[in-house]
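As a plain string of letters, each chain reads:
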Amino acid sequence: MSSKSNNDINADKITYLLGLLGRNRTEKELNSNIADSDYEDIEDSKMSTLESMLTRPPISEGTYISDTTVAQDDVSEVIQEIYEDVVQTGIAAGFETESHMQYARRSLFNALPWYYRSLDANHGWMLYWLVNFKQLLPTESGNAEPIAEEISMLVTEKINSVIIDEGLGGIAGGKHQIGHAASTYASVLALILVEDYETLNKIRPNLYIWIMRSLKNGPDSGDKYGSFSMHPHGESDTRSTYCVLVIASLLNILTDELREGTAEWISRCQTFEGGFAGVPSTEAHGGYTFCALASYFFLLGKPQNEENGELKAQISKYIDIDGLLHWTVMRQYQLEGGLSGRTNKLVDACYSFWIGGVFPLLEMVLEEESLFDREALRIYILNCCQDSRGGLRDKPGKSPDFYHSNYTALGLCVAENTYSINKEKKTGADNYAYKITSIPISGNVQFRAINPIFGLPLGYAEKCKEHFIRLDCK
Amino acid sequence: MTDLSQFSDITPVQLNQEEPQLCQILYDDEYKSVMGILLALLAKKEYSDRAFELTQAGIELLASHYTIWNYRYNIIVHLDKNLYDELDWCEQLALDNEKNYQIWNYRQLIIELIISRETSDTVKKFNAYHEFPIVDEMLSQDSKNHHVWSYRKWLVERFKLYRDEREIEFVAKRIEYDVKNNSAWTHRFFIKFGDEQVDQNVINEEIDYVKQKIQEAPQNASSWNYLIGIYQKFKKPDELIDLEEFCQEFANINEENVIKSSYALELLGKINVKKNNKPKAIEIYSLLKDIYDPIRKNYWTYQIKEIEA
């Protein structure tokens, strides 16, 4: 048994958090949402969106009460109070860039207390979440700042320490662990952020062998044919499949043999609700839906005639786009403005990307500018999901963490930009994933665009892909 | 503290301990030694009872450590351990680690192993009902636990429990308890229709059942999705029109605009599209856009545009 009790854990956490603050704050300060100095006057457009969110549609709802309604009412009550406060005072929360930057820095550089051992099988993930989060934060110039040499060096060092057999065993979640598709995915993204193509090039042929030998579920694997597993004896689902496709595409090793059967397998994961599940016939879920739809950007054939509607026509061969659109738009909630991951579940800021990121993809497929309420999502994130100590969180009352910080910030990048396929863009890549372009929405916005297929700031995936295409042409 | 005296011959490997490093975790001593020894044993591929026991300590320290799970599985296979004991052990761990999903994948592996070792002489074949109490207990703690429901779905598929009486009773109870539990509705869809056998009686029963549940709580996306899901899977597109009267019970736009369900209103819109009554469909989508579902105004605008196109 563990020698530390839950009380010890809590006491340690409090001491650690107080230490980060540098002084002992009062409880009131800890609970207050945002430091007073950074409130900003609310814009008119934001005010009218907020008022609309606060107006309950005249639906004569019955008196049905259950666990679901009780949990929902609890969240609604807290959020309504926050929004009413904004309307009454006329001041809304601005994005606390500096405090979030501090959160990213200290999470990367300060040693983490023992209970962070909960992330001991996620070292690559921590690097991706935090370096990416830091890179997404707004800058004064509006342009991205280069990643510090110190960070690049340490990312390279750490990832190199978890590569198994020069890639023949994939990349592990920590030293001496076994290779894992999701860890490999996160580690590859971290290396791409610091532009360490040398490490990637070194392991690329071996990763291909690992994927084909140990992860791919071939024609003799029955129902799993076309999917990939996380590791031998590990789970196979839309998430592991997406991870493998991202790795293979970025490193330019996505052969027809690798993706054989995959488009068909993923299509079987679309449920009667319209969203996608991890495996066929389980519940439609935000994370899996993102993975499923994004995967198609690697699986469709070469863009051919570049006519309008071509992408839609291609993708419609595999999935029901209208059903998916319907399920996805239903994830946004009237009062909260934020997004949920499943039908009748609560809002959670991480879905600002898992669901939020599905929107740009659908907008590209349907050639529509905006299919959801971007302003309402911004309002939710800015007013409900910032922690006064820095970092972003699921919802009021929850603590921030690395995971939520990254995916919530990615959500802001979705909400503050519109996305489309640039048909004119010349790229050596044979798919749509590297032809994405963006325009900031009108108004006062700060967040730069991402490539929503990868969850990286726009440009990184493109640069990596071009690098390996060029290398392979030689 | 775990007793590590029997591992004095093993030098623990170093975890991610070098300095400087990004995201350095200050491991506590117990974690460092238990994981250090486990990963050292793994490196030398030791499949022994002492290693087996230590995997328990490792998993208790960090239930999401997939490498240790994988190691434990390989030990089980090598040492020919009692698999039913393993299921019992797993059960206790599941109860202590609600959110962990490694457990469920592991449990599937163990059950597959049990089945693969059965011969025609095996007296007591694996019975899927063995799994019901643990699943029930887990769902009583967290009624929408995605991993537990996915596991239950696997059981149905693996042991052909489609339309099994106990399975139907189980899911009916879950829906009875909370008609907004979407996981339960999804599972119901699977046990009724997952094997692709089309029985007109089952389809009609389910339509009656879900209609009754809609009466109970009309503003419920789960039950409406179930109803429309059945129509999409088994009926011709135009047959959706049969639901017009039913929808009007919850969305009366002809008289005083009494709306009890935005989902009913939405379906009415769709029905009018099917009937090619474009003005009516546009009127309904406009109501949703402006009054009954304004958060989705962009979507309703898109629907209107599609009709006009």
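Scroll up to find the structure this text is about.
Predicted model only: the values in this text are computed from it and were never measured. (Residues numbered from 1 in each chain as written. Chains lettered and ligands numbered in written order. Predicted model: local features only at pLDDT ≥ 70, side-chain atom pairs only at ≥ 80, totals over all residues. Heavy atoms only, no water.)

(A) Layout of the overall build of chain B. What chain B contains, in helices and strands, is 15 helices and two strands. Here the C-alpha radius of gyration of chain B, 27 Å, is well above what a compact globule of 309 residues would show, namely 19 Å. Overall, the C-alpha framework of chain B stretches about 85 × 60 × 35 Å when taken along its three principal axes. In chain B, which comprises 309 residues, the share counted as buried stands at 56%. Within chain B, contacts between residues at least 6 apart in sequence are counted, and of these 62% link residues at least 24 apart. (Helix = DSSP H or I, 4+ residues; strand = E, 2+ residues; numbered from the N terminus. Rg over C-alpha atoms; globule rule 2.2 N^0.38 Å. Buried < 20%, exposed > 50% of the residue type's maximum accessible area, 1.4 Å probe, protein only. Contact = heavy atoms within 4.5 Å.)

(B) A look at the overall build of chain A. Of the regular secondary structure elements, chain A holds 19 helices and six strands. Taken over 474 residues, chain A has a buried fraction of 63%. Considering only intrachain contacts with a sequence separation of at least 6, the fraction spanning at least 24 residues in chain A is 71%. Per element, the accessible surface of chain A, about 17900 Å² overall, is 48% carbon and sulfur. Distance between charge centres in chain A, computed from 42 positive and 64 negative side chains, equals 6 Å. (Areas by Shrake-Rupley, 256 points an atom, 1.4 Å probe, with all protein chains shown as cover. Lys, Arg positive; Asp, Glu negative; His and termini not counted. Charge placed at Lys NZ, Arg CZ, Asp CG, Glu CD.)

(C) Molecular detail of the interface of chain A and chain B. On the side of chain B, 78 residues touch chain A, which itself brings 84 residues to the contact. Of the roughly 6900 Å² buried between chain A and chain B, counting both surfaces, carbon and sulfur atoms make up 54%. In this structure, Lys297(B) and Asp373(A) form a salt bridge, with 2.9 Å as the shortest nitrogen-oxygen distance. Between chain A and chain B we count 45 residue pairs in polar contact (both at pLDDT 80 or more) in total. Secondary-structure elements contributing two or more residues to the side of chain A that touches chain B are helix 3 (44-54), helix 4 (67-89), helix 5 (97-109), helix 6 (123-136), helix 7 (149-162) and helix 14 (321-329) of chain A. It is helix 7 of chain A that contributes the most residues to the side of chain A that touches chain B, seven residues altogether. The residue makeup of the side of chain A that touches chain B, split by class, is 37 nonpolar, 31 polar and 16 charged. (Buried area = accessible area lost by both parts, 1.4 Å probe. Salt bridge = Lys/Arg side-chain N within 4 Å of Asp/Glu carboxyl O. Polar contact = N/O pair within 3.5 Å; in protein donor to acceptor, adjacent residues only side chain to side chain. Nonpolar A, V, L, I, M, F, W, Y, C, P; charged D, E, K, R; others polar.)

(D) Local environment of the environment of Ala263(A). All names here are of chain A. Structurally, Ala263 is set in helix 11 (residues 262-267). Taking the relative accessible area as the measure of exposure, Ala263 reaches 6% and is therefore buried. Each C-alpha atom, one on Ala263 and one on Leu136, is 31 Å from the other, the two residues being 127 residues apart in sequence. Every residue in contact with Ala263, bar those within four places of it in the chain, is listed here: Tyr296, Leu299 and Tyr318.

(E) View of the packing of helix 6 (residues 132-141) of chain B against helix 7 (residues 146-158) of chain B. Residue and element names in this part refer to chain B. Direction vectors running N to C along helix 6 and helix 7 enclose 155°, while the axes themselves pass 10 Å from each other. Looking at the two axes, helix 6 sits roughly antiparallel to helix 7. Crossing handedness for the pair helix 6 and helix 7: left-handed. The segment helix 6 lies against helix 7, with Phe132, Val135, Asp136, Met138 and Leu139 engaging Val148, Trp149, Tyr151 and Arg152. Taken together, the residues of the contact of helix 6 with helix 7 break down into seven nonpolar, no polar and two charged. (Axes fitted to C-alpha atoms, helices over the stretch in contact; angles between N-to-C directions. Parallel < 35°, antiparallel > 145°, perpendicular 65-115°, else oblique. Left-handed = near helix turned anticlockwise from the far one by under 90°.)

(F) Looking closely at the environment of Asp164(B). The residue Asp164(B) is located in the loop between helix 7 and helix 8 (165-177) in this model. A distance of 2.6 Å separates polar atoms of two side chains, one belonging to Asp164(B) and the other to Tyr129(B).

(G) Spatial organisation of the pairing of strand 3 (residues 417-421) of chain A. Residues and elements named next belong to chain A. Extensive coverage of strand 3 is indicated by the burial of four of its five residues. For strand 3 and strand 4 (residues 436-440), the ladder comprises five bridges, and the chain directions are antiparallel. Opposite Ile421, over in strand 4, you have Ile436 as the bridge partner. (Pairing = 2+ DSSP bridges.)

(H) Examining unusual backbone geometry more closely. Of the consecutive residues Glu19(B) and Pro20(B), the connecting peptide bond is found in the cis state with omega at -10°. For Pro20(B), the location among the structural elements is in the segment before helix 1 (29-43). Here His233(A), not a glycine, exhibits a phi torsion of approximately 70°, which is positive. Relative to the helices and strands, His233(A) is located in the loop between helix 9 (197-215) and helix 10 (238-250). Among the residues examined, His233(A) registers a relative accessible area of 38% and is labelled partly exposed. At Asp80(B), a position not held by glycine, the phi torsion is positive, near 55°. Examined against the element boundaries, Asp80(B) turns out to sit in the loop between helix 3 (66-79) and helix 4 (83-96). Overall, Asp80(B) belongs to the exposed group, its relative accessible area being 53%.

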